[in-house]
Amino acid sequence: MNLAYCDAFASFIRKALVSIKPEDQHFDTINGLVGGVMLDLHPTEGYFQSTRKTIDCTDSNGKAYRITVEEL
């Protein structure tokens, strides 16, 4: 069995989004809110269902996005 790196990829992506500054001219349109990394947990029991991770974020106009990292 090979290791899955969903945690690492999600962490790298979130850190990159959080580090974008308003003065970065190429990224000024995506500088919005960035949520935490969410785990894929069972809705009532709370156990892990998969290694999938999601990050919810918004652009500077308030449009919402969900970034998903999952192994294929």
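Basis of the calculations
Numbering of residues begins from 1 in every chain and follows the order in which that chain's sequence is written. Only residues with pLDDT of at least 70 are given local features in this predicted model, and only at 80 or more are side-chain atom pairs given and counted; all residues enter the totals for whole chains, interfaces and linings. Side-chain descriptors were evaluated using all non-hydrogen atoms of the structure, hydrogens and water having been removed beforehand. Put simply, DSSP marks the helices as runs of H or I at least four residues long and the strands as runs of E at least two long, and each gets a number from the N terminus on. Three labels apply to residues, based on accessible area from a 1.4 Å probe with only protein chains included: buried if under 20% of the type maximum, exposed if over 50%, partly exposed otherwise in between. Whether two residues touch is decided by their heavy atoms; if any such pair falls within 4.5 Å, the residues are in contact. Here the Shrake-Rupley method, with its probe set to 1.4 Å, supplies the accessible areas, and only the displayed protein chains count as covering residues. Should DSSP find at least two bridges between two strands, the strands are taken to pair. Note on definitions: angles span 0 to 180 degrees between N-to-C directions of axes, and those axes are lines fitted to C-alpha atoms, for helices only across the stretch in contact. To estimate how far a helix should reach, multiply one less than its number of residues by 1.5 Å. Within this document, salt bridges are pairs made up of a side-chain nitrogen of Lys or Arg and a carboxyl oxygen of Asp or Glu, the two lying within 4 Å of each other. The definition of a polar contact used here is a pair of N or O atoms within 3.5 Å, where within protein one atom must be able to donate a hydrogen and the other to accept one, and adjacent residues in sequence count solely through side-chain atom pairs.

K.L.:
Is there a simple way to think about the overall build of the protein in this case?
P.N.:
Check the secondary structure of the protein and you find 1 helix and 3 strands. Its helices and strands in sequence order give the protein the pattern α-β-β-β, from N to C terminus. The burial tally for the protein puts 17% of its 72 residues in the buried class. Put simply, 33% of the contacts in the protein that link residues at least 6 apart link residues at least 24 apart. Working note: accessible area of the protein is about 5,700 Å², and carbon and sulfur atoms make up 57% of it.

K.L.:
How should the sheet that holds strand β3 (residues 64–69) be read in this particular structure?
P.N.:
In any sheet, the strands associate via hydrogen bonds between backbone groups, in a parallel or an antiparallel arrangement. A sheet is described by the order of its strands in space; here 3 strands give the open sequence β1-β2-β3, paired in antiparallel fashion. Pairing within the sheet leaves two strands with one partner each, and these edge strands are β1 (34–41) and β3. In this sheet, adjacent strand axes meet at a mean angle of 25° when their direction is disregarded. Its contacts with the sheet put helix α1 (residues 6–18) on β1, β2 (48–58) and β3, and the angle it makes with β2 is roughly 10°.

K.L.:
What should I look at first to understand the pairing of β1 in this one?
P.N.:
Looking along a regular strand, one sees side chains alternate from face to face of the sheet. The sheet contact formed by β1 and β2 spans 5 bridges and is antiparallel. Along β2, the bridge assignment pairs M38 with T54. Counted along the chain from β1 to the antiparallel partner β2, the turn is 6 residues long, and its residue G46 has a positive phi close to 85°.

K.L.:
Help me out: how do you make sense of α1 in this one?
P.N.:
Working note: α-helix, 3.6 residues per turn, so residues spaced by three or four point in the same direction. Spanning 13 residues, α1 covers 18 Å between terminal C-alpha atoms, matching the ideal 18 Å at 1.5 Å per step. Elements in contact with the buried residues of α1: β1, β2 and β3.

K.L.:
Just checking my understanding: could you explain the pattern of salt bridges for this structure?
P.N.:
Opposite charge on two side chains makes pairing possible when the charged atoms of those side chains draw close. Under the definition given, this model contains 3 salt bridges. D7 is paired through a salt bridge with K53; the nearest N and O atoms lie 3.2 Å apart. Note that D7 is positioned in helix α1 and K53 in strand β2, a separation of 46 residues in sequence. On the basis of relative accessibility, which here comes to 5%, the residue K53 falls in the buried class. The partner of D40 in a salt bridge is R52, with the nearest N and O atoms 3.0 Å apart.

K.L.:
Can you help me understand the side chain of K53 in this one?
P.N.:
A polar atom in the side chain of K53 sits 3.2 Å from the side chain of D7. With residues near it in sequence (within four places) discarded, K53 still touches C6, D7, A10, V37, M38, L39, I67, T68 and V69.

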